[in-house]
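# Descriptive analysis of the structure
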Amino acid sequence: MNPPFPLRRKLFFSHFLATFFVSSAVGVIFYLAARDSLLDQLRARLSGTAAMISREIDANELRDVRFERDVSKREYVEALESLRQMRRSNADVAYLYVMRLDEDGRVRFVVDSDESEDQALPGRVYESATPRLMLGFTQQSADEEFVTDAWGTFLSGYAPTLNSKGEFLVGIDMNASEVRNKLDRIKQVGAASIVIAVLLSWVIASWMSRHFRQPIEAIIEHCQAVGAGDLDKRVEMQRQDEMDSLLVAVNAMTEDLRKARDDNMRLAESLDDALDEDRRR
C-alpha cells in the first residue's frame, strides 16, 4: 500500500522549506542592509553637496531679497543663475534653493532654481518644513524619509549658507523617482537572489530526498525479499555515513536468519535420519 504522504516527499519538503526560508531570510537581510546603505549614502551625498554649494552663497548679499518685487535686484539674479547652472550640471537634482528663517519661525523662499511657472518667488512661505530642514539652518542635514510638498516627492539635503548666522540655508532636492530607480536595482538583485534560493533549495532538497530514499527503499526491498524466503539477498550499498551501520545491521540480521534456517534444516534432516533408523530397527 502506498502511503498518502510518503517519506521521500516529507524529506523533500522539509529540506526544501528549510533551505528556502534560510536563503530567503539572507536575501531579505541583504536587501534591507543594501537599502539602508544606499539611503545613507544618498543622505550624505545630498547634505555634502548642499554644504559645498552653501559656500558659494553669501547670506549677506541676500538679506535685502525679501519680496517678489526684489527679483530684479542684481543679488537675486546672480544667485538664481548660479543655482540654475549648478542644478543643470547634475541630472539627479530636481531643485536648488535658498530659504530664510524669519523671527516668527516661518520658513520663506529667497531664491528658487525652478524654471517653470511653479517657481517660488522671494517671500513665499514654505508650509512643509520638516525638523531636518529646520536643522539645516545651523548644520548639515538631510531628510530621513521622502517628503511630499507642492512640487512633488523628494529626498532633500540642507546646509547653512556662508554668513548664515542660523538665518539662511541651501536646499537640494532629489526626485523620489531617481531614488526609487536606485532602490529598484537593489530589488532586482534581491528578486534574483530569491529565484536562485528557490532553485538551490529545490536542488538540495531533491539531492537530500534521494540520498535518504535510496537506502530506505533498498532496506524495504530487502525485507520484502526476506519475508518471501530469500535469505541469500544482501544490501550492496555504501553511503559513507551513519546509514552504513543500519545497512550492515540489516545484512548481519539476514545472515543470522540464514544461518538459523540452515541450522534448523540440518537439525530437521538429522531428526528425520534418526527416525528412519529407529523404524528400520
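Residues numbered from 1 in each chain as written. Predicted model: local features only at pLDDT ≥ 70, side-chain atom pairs only at ≥ 80, totals over all residues. Heavy atoms only, no water.

What follows covers the overall build of the protein chain. A count of helical and extended segments in the protein chain gives 5 helices and 6 strands. Listed N to C, the secondary structure of the protein chain is α-α-β-β-α-β-β-β-β-α-α in terms of helices and strands. Taking all 281 residues of the protein chain together, 38% fall into the buried category. Carbon and sulfur atoms make up 55% of the accessible area of the protein chain, which amounts to about 16900 Å² in all. (Helix = DSSP H or I, 4+ residues; strand = E, 2+ residues; numbered from the N terminus. Buried < 20%, exposed > 50% of the residue type's maximum accessible area, 1.4 Å probe, protein only. Areas by Shrake-Rupley, 256 points an atom, 1.4 Å probe, with all protein chains shown as cover.)

Our focus in this paragraph is the packing of aromatic side chains. Evaluated as defined, the whole model comprises 5 aromatic pairs. Taken together through their ring pairs, the aromatic side chains of Tyr 97, Phe 109, Tyr 126 and Trp 151 make up a single cluster. (Phe/Tyr/Trp six-rings, centres within 6.5 Å; stacked < 30°, edge-to-face > 60°.)

Next up on the list: the environment of Gly 123. Note on placement: Gly 123 falls in the loop between strand S2 (107–112) and helix H3 (131–135). Judged by relative accessible area, which is 18%, Gly 123 ranks as buried. Remark: the alpha-carbon pair of Gly 123 and Glu 68, spanning 55 residues in sequence, is separated by 6.5 Å. With sequence-adjacent residues up to four places away left out, Gly 123 is seen in contact with Arg 66, Arg 108 and Phe 109. (Contact = heavy atoms within 4.5 Å.)

Okay, helix H2 (residues 74–88) next. Under the 1.5 Å per step criterion, the end-to-end length of H2 is 21 Å for 15 residues, consistent within 8% with the ideal 21 Å. Three or more residues of H2 are buried, namely Tyr 76, Ala 79, Leu 80, Leu 83, Arg 84 and Arg 87. Buried residues of H2, viewed axially, fall in a sector of 130 degrees; they line one side. (Expected span 1.5 Å × (residues − 1). Arc of directions from axis to C-beta.)

Grouped together as the largest cluster of nonpolar side chains are 31 residues, with contacts concentrated most on Leu 62, Leu 83, Val 98, Val 110, Val 111 and Val 179. Contributions of two or more residues to this core are made by helix H1 (7–54), H2, strand S1 (93–101), S2, strand S5 (152–160), strand S6 (168–175) and helix H4 (176–227). At 9 residues, H1 tops the list of elements feeding residues into this core. Setting aside anything within four residues of it in sequence, one finds Val 179 in contact with Leu 39, Leu 42, Phe 146, Leu 155 and Met 174. Ranked by size, the runner-up nonpolar core spans 14 residues in total, among them Tyr 126, Phe 154, Tyr 158 and Leu 169. (Core = buried A, V, L, I, M, F, W, Y, C linked by side-chain atoms within 4.5 Å.)

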